Structures are given as structure tokens and as C-alpha cells.
Amino acid sequence: MAGGGRPGGRCDATELGTVSQPRAHIVILGGGPGGYEAALVAAQLGAKVTVIERSGLGGSCVLTDCVPSKTLIATSGLMAALERAHDLGIQFDGEAGSAPVSPAPAQARVDAARLNSRIRDLALAQSADVRTRLLAEGVEIVSGHGRLAAPGLVAVGDTEISADTVLIAVGAQPRVLPGAVPDGERLLTCRHLYDLAELPSELIVVGSGVTGAEFASAFVALGSRVTLVSSREHVLPNEDTDAAVVVEEVSRRRGMTVLSRSRAATARRTASGVEVGLEDGRTVRGSHCLLTVGMVPSTHGIGLEESGVATDDRGYITVDRVSRTSVPGVYAAGDCTGVWMLASVAAMQGRIAMWHALGEAVQPLRLGHVAATIFTEPEIATVGVSQQDIDRGVVGARVVKLPLATNARAKMEEFRDGFVKLFARRNSGIVLGGVVVAPQASELILGVSLAVEQQLTVDQIAHTFAVYPSLSGSVTEAARRLMLPVDLT
Ligand SMILES: Cc1cc2nc3c(=O)[nH]c(=O)nc-3n(C[C@H](O)[C@H](O)[C@H](O)COP(=O)(O)OP(=O)(O)OC[C@H]3O[C@@H](n4cnc5c(N)ncnc54)[C@H](O)[C@@H]3O)c2cc1C
């Protein structure tokens, strides 16, 4: 009974818990990380939750983009590791200099059909896990294409579902250039790769942003001849320049052809493969072309304009740091907002939206604390402020860059390329960010990320034990090098 505490006394916790609020109905458009993570939070907070999804739970993240690409990279990473086998004293049966003792091939080869079937199966299994989890939490799942009929009303086909709060998390899809329309067989977007029966023998990758660099690096390791067409001076133009230079050097050394300052104008099929026309008149030929020229939000035709939900000139939904759109009661999360196209950011935006909508205390999204990784060979992981911010004077910081070449563990494992870079505030020594370029940088960045989130100082990191020998030892050593004598702090 509401307000039923003892007369004149305070309600105890149990009684407070029984004060009943009308159960909010949250309707979520899109079942990717932006949508399903939000659904879990809303369900945990006691809301009735409906997720509308037109393809499969987990979204493009699980079914076509992040999960499949990292599964591919699990195989390409192993192939790249095998390149070091000789240096580590390993000889394969059948190789010159060793007695052939089995019919095993001297050189590892990738079975593209098996690899792709593993990738597709793993993605489906992950999607099924997400679905099971949502159902276990009592979330209703509706299959179909949804649209915002009005604020507080979502339509799926002829069915209309009213909602106290709507979250739009419809994601994005690969951008298509007018002169290079994918056909799914030879002219590909990243979503076509896992349907190929064979490995591309000569892959032309157009675009040297994160997606292009990751796939170019992976296919070199898998055994394709790769040409990367980059419109900029360096690959990964928006990343830490030192890191991008390392990845480009390693890529060239491993046999990739990088065409810098070369902008693709057209891509078309020929009798035997593909032909990419560059703006300067040159032509590049290969067996397949992978187009990685950005993403566009899936926001067209879903009733946003009619309901007054503001978008920018490229169609991304405008949101604030608690995921509110321009319309009260309508929130948006993930790639369709264009804030930062990462699964972790999409998930956090979705959770924040629900905490805010359901009246919980909430911390607005802090992009300065996002840890991100580019899964090239080696990987680049970053968190916090960037070298560019420091060079431009936006942030005052001291910087140390420690090559991995001197790290004992790196030597043991034959990693020569990579570094740890740490940024710390000038006097206090508070860690502001860092860059790790290493084979497992995605795992190593957590220590720096914790430091940034918790505002730890370089002294605190320097006094933290790292295992010897370990690559993470370079993080604590970098911190030691940034320590100042006490009378200078
Ligand atoms: C090749 C590639 C690799 C990537 N790798 C990484 C990585 O390693 N790490 C990382 O953090 N991020 C990575 N990303 C980015 C990551 O995949 C996205 O940031 C993430 O998927 C965004 O989640 P989302 O929920 O916004 O959208 P999505 O995952 O795209 O989900 C949106 C869902 O909405 C559904 N939908 C759309 N419209 C409607 C509608 N009208 N009605 C019903 N349903 C609808 C779609 O079917 C889809 O399932 C990668 C992206 C690409 C392209």
C-alpha cells in the first residue's frame, strides 16, 4: 500500500520498496549493442521492455561487423604469429633442411570456406545468446521493421505499440560511392566478405580508415596480395601518427602495397576480376575490391522528420550527453547518432538513456575516457587525450614514448614493432591518456584506461607491480619515466 508506513514513523527499506509506480513501457528500435544493452538496464529497473529488430539480435555489431571481423582477425592473427615461427626455432615438416616425417604442408594455408563458415556460425551463436539473455530478463522481442509513428508511438507493419519512452538504436550501414556500387561477389563491402567461397587472391582495399586498415592487415596475413588505396599521406589519418606510421611500415614489410595520396574514383568488374580507377588517371587491377568508405546512418524513412526528431545534414540523430533527442521521451543511441562508432559507446549511450529516462542518477557520456582499439597487426589501442591535442596546445601534458623493442618479453616473442606512450598532466602527474601499439594492445590498454578513469598519477602506476617479464611492464616503466623529483612537483 502506498504511504503505508507506521503512523508517525519512518518507512523502512522494505516498505519503501513496495511503493508502487506505474510500470514504464520502453520501446527500443534496433537490437544492436545500443538497443540490447539498454533493454537489459531497463528490464533490471523494472520497466516493461519491447525490442523491435528487423534482422537479428546483437545487430550489425554481432551479425556482420564487429564480431565477424574480429573472428576473422583471430585467424589472421594466428597466421601472422606463424610468420615468426622460424625466428622462434620452429621448423615445419616437409621444409628444406628437415626430414619430412608427415604429409603436412610446409606452409600454413587458410581454408576460406571453413573460416567463413566458422565466422557465420559464431556470429549466429552470439546473436542467439543475446536473444536468450533478453528473453530471460523478460524483454519482449518483436521481429520486423519499425518506425516512429509519433512521439510515444512505434509502428511495426500494421501494429502500433505505445510507449512512455522510445529509444532509437537503428545503427548504420556501409556508404556506397556512385561510381563503385558493390555487387557482393567481386565488389564488396565489409558485410559481403564472409560469403566468399575462396580467399581473394588480389584484394584492393579502398579506404585507409579503421575498417580498411584492419581488413587490409588481416588479408595480408591470411595470404591475399593486398593493395590499400589511401587518399591521405598515411594510413589511419585520424589516429596517433606514430602509431599509424608503425602499422604502415609493418604492413609494407609484410608485402602490402600502400598507394598513398591516391583517391579512388570508380570500381568496376572486368572479365576476370576488378578494376579501380584513381582520380589521377591510374588504374589498379585485382581479383576483388573491398570498399571501406565510411558508414551512413539507417535513419531514413523511419518517421523521424514527421515526429520532429532532429538530425544533422548527414542524417545522424542529434543527441545530448544523456542520449536525449530534440523530442521529449525519444532517446537515441549508437551508430545512428554518429557520436563515436564503437560498440562500447553505443552500449553506454543506450544504458545512459535508460538510467536517465527511468529516473536513476546518471553520469553523462564522457568521450574523453573511451578506450578504443584498431585491430591491425600490431594493434593500436588508445584512451584519453591524444598527441594531437597536446601538440596543438589544447592540453598541457608531459609525454613519454617507450619502444617495445627493449622489453624482454617482446624480445622473447620476437615483437620488434610497437611502443607504449603515456600522457600525464605537467605538475600533478595525473595520467591523461595513452597509446599502446603491440600485438595485444587491446588487452594492455586497460591499465591506462583505469588510470584515466580514476585520475591516477604516474607515481601510483609506477608503484604498481607488473609481472616480469611482460609487455605491461612497459606501462609501469613509462610511468616511472614520467615521475618528477618531489621538489619539482
Ligand atoms: C567492419 C566493422 C568492424 C567493427 N569492429 C568494431 C570493434 O572491433 N569494436 C567496436 O567497438 N566497434 C566495432 N565496430 C563498430 C560497431 O559494430 C558499431 O559501433 C555497433 O554495431 C553500433 O551498435 P548499434 O546498436 O548502434 O547498431 P547496430 O549494431 O548496427 O544495430 C542496429 C540494429 O538495428 C536494426 N534496425 C535498423 N533499422 C531498423 C528498423 N527500422 N526497425 C527494426 N530494426 C532496425 C538493424 O537490423 C540492426 O540489427 C565495427 C564496425 C564495422 C563496420
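A brief report on the enclosed structure follows. Per chain, the residues get numbers from 1 upward, laid out in the order the sequence is written. Reporting of local features is limited, given that this is a predicted model, to residues whose pLDDT is at least 70; pairs of side-chain atoms are given and counted only at 80 or more, and all residues count toward the totals for whole chains, interfaces and linings. Side-chain figures throughout are based on the complete set of non-hydrogen atoms in the structure, without hydrogens or water.

**Looking at the sheet that holds strand β10 (residues 202–206)**
1) Next: If you walk across this open sheet you meet the five strands as β9-β16-β10-β11-β12, and the pairing is parallel. Two strands in the sheet have a free side with no partner beyond their single neighbour: β9 (187–188) and β12 (257–259).
2) Next: When β9 meets strand β16 (residues 288–291), the two strands line up parallel, connected through two bridges. Within the sheet, the bridge partner assigned to L187 lies in β16 and is C289.
3) Next: In the packing of helix α6 (residues 210–222) onto the sheet, the strands contacted are β10, β11 (225–229) and β16, and the crossing angle to β11 comes to about 165°. A pair of strands is treated as paired once DSSP finds two or more bridges between them. Strands here are runs of E lasting at least two residues and helices are runs of H or I lasting at least four, both read from the DSSP assignment and numbered beginning at the N terminus. Any two residues whose heavy atoms approach within 4.5 Å at even a single point are treated as in contact. For every element, the axis is a line fit to its C-alpha atoms; helices are fit only across the contacting stretch, and the angle between N-to-C directions ranges from 0 to 180 degrees.

**Thoughts on the sheet that holds strand β6 (residues 159–162)**
Sheets are built from strands paired through backbone hydrogen bonds, the pairs being either parallel or antiparallel.
1) Next: Spatial strand order, β4-β5-β6: three strands in an open sheet with antiparallel pairing. Each edge of the sheet is formed by a strand with only one pairing partner; in this case those strands are β4 (146–150) and β6. Each strand axis lies, on average, 35° off the axis of its neighbour in the sheet, ignoring direction.
2) Next: By the bridge criterion, four bridges tie strand β5 (residues 153–156) to β6 in an arrangement that is antiparallel. Pairing of V156 across the sheet is with T159, part of β6.

**Describing the site of the ligand**
1) Next: Taken together, 35 residues lie around the ligand, and G34, E53, G146, D335 and A343 are the ones closest in.
2) Next: Counted as a polar contact is a pair of N or O atoms within 3.5 Å, where, for protein atoms, one must be capable of donating a hydrogen and the other of accepting one, and residues adjacent in sequence contribute only when both atoms are in side chains. Note that a nitrogen atom of the ligand is positioned 3.3 Å from one of the backbone N or O atoms of R54.
3) Next: Taking C61, its main chain carries an N or O atom lying 3.0 Å from an oxygen atom of the ligand.
4) Next: For the accessible areas, the method is Shrake-Rupley and the probe is 1.4 Å, while residue cover comes only from the protein chains on display. When the ligand is considered free in solution it has 1,000 Å² of accessible area, and contact with the protein chains removes 93% of it.
5) Next: Put simply, the parts of the chain that give the shell around the ligand at least two residues each are α2 (33–44), β2 (48–53), α3 (59–63), α4 (66–82), α6 and α9 (343–357). We call a residue near a molecule or strand whenever a single non-hydrogen atom of that residue lies within 4 Å of it.

**Some thoughts on unusual backbone geometry**
1) Next: Cis geometry is found at the peptide bond from E377 to P378, where omega equals 0°.
2) Next: Relative to the elements of secondary structure, P378 occurs in the loop between β19 (372–374) and β20 (379–384).
3) Next: For the bond running from Y468 to P469, omega is -5°, close enough to zero to count as cis.
4) Next: For P469, the position within the fold is in the loop between α13 (458–462) and α14 (473–481).
5) Next: The phi dihedral of E414 is positive, around 65°, even though this residue is not glycine.
6) Next: Turning to its location among the elements, E414 is positioned in the loop between α11 (408–412) and β22 (419–425).
7) Next: Think of it in three bands: with a 1.4 Å probe and only protein chains considered, a residue is buried below 20% of the maximum accessible area for its type, exposed above 50%, and partly exposed in between. On the basis of relative accessibility, which here comes to 22%, the residue E414 falls in the partly exposed class.

**Looking at helix α7 (residues 241–253)**
1) Next: Multiplying 1.5 Å by the residue count of a helix minus one yields the expected span of that helix. The end-to-end C-alpha distance of α7, which contains 13 residues, comes to 18 Å, matching closely the 18 Å that a straight helix rising 1.5 Å per residue would cover.
2) Next: Within the span of α7, buried status applies to A243, A244, V246, V247, E248, V250 and S251.
3) Next: Just downstream of α7 lies G255, where phi reads positive at about 110°.

**Let's talk about the packing of aromatic side chains**
1) Next: Ring geometry is summarised as follows: Phe, Tyr and Trp rings, the Trp one being its six-membered ring, pair when their centres sit within 6.5 Å, and such pairs are stacked at plane angles under 30 degrees, edge-to-face over 60 and tilted between the two. In the structure shown here, the tally under the stated rule is one aromatic pair.
2) Next: Geometrically, the ring pair formed by F215 and F219 is tilted, given 6.5 Å between the ring centres and 40° between the ring planes. Residue F215 and its partner F219 are located together in helix α6, separated by four residues, close to a single helical turn.
3) Next: Classification of F215 as buried rests on a relative accessible area of 4%.
4) Next: Cation placement over rings: the criterion is NZ of Lys or CZ of Arg within 6 Å of the ring centroid and within 35° of the ring normal. Looking at K401, its charged tip hangs above the ring of F419, at a distance of 4.9 Å from the centre.

**Observations regarding the pairing of strand β14 (residues 274–278)**
Regular strands place their side chains on alternate faces of the sheet.
1) Next: Of all five residues in β14, five are buried, a share of seventy percent or more.
2) Next: Sheet analysis places strand β13 (residues 264–269) next to β14, joined by five bridges and oriented antiparallel. Counterpart to R269 in the pairing with β14 is V274.
3) Next: Between β13 and β14, which follow one another and run antiparallel, lie four residues.
4) Next: As paired elements, β14 and strand β15 (residues 283–286) share four bridges and run antiparallel to each other. Residue pairing for β15: V274 is matched across the bridge by G286.
5) Next: The antiparallel pairing of β14 with β15 creates a hairpin that spans four residues between the two strands, and G281 there sits at a positive phi of about 100°.

**Things to note about the nonpolar core**
1) Next: Counting residues in each nonpolar core, the largest one holds 45 residues, and the members touching the most others are L72, L193, F215, F219, V226, L236 and I380.
2) Next: Counting only elements with at least two residues in this core, the list comes to α4, α5 (112–136), β10, α6, β11, α7, β22 and β23 (431–438).
3) Next: Looking at this core element by element, the count peaks at eight residues for α6.
4) Next: Once residues within four sequence positions are removed from consideration, L193 is found in contact with N116, L188, F215, F219 and L290.
5) Next: Of all hydrophobic cores here, the second largest spans 27 residues; its members include A381, L444, A462 and A478. By nonpolar core is meant a set of buried Ala, Val, Leu, Ile, Met, Phe, Trp, Tyr and Cys residues that side-chain atoms within 4.5 Å join together.

Everything listed here is a matter of coordinates, which is why it stays silent on function.
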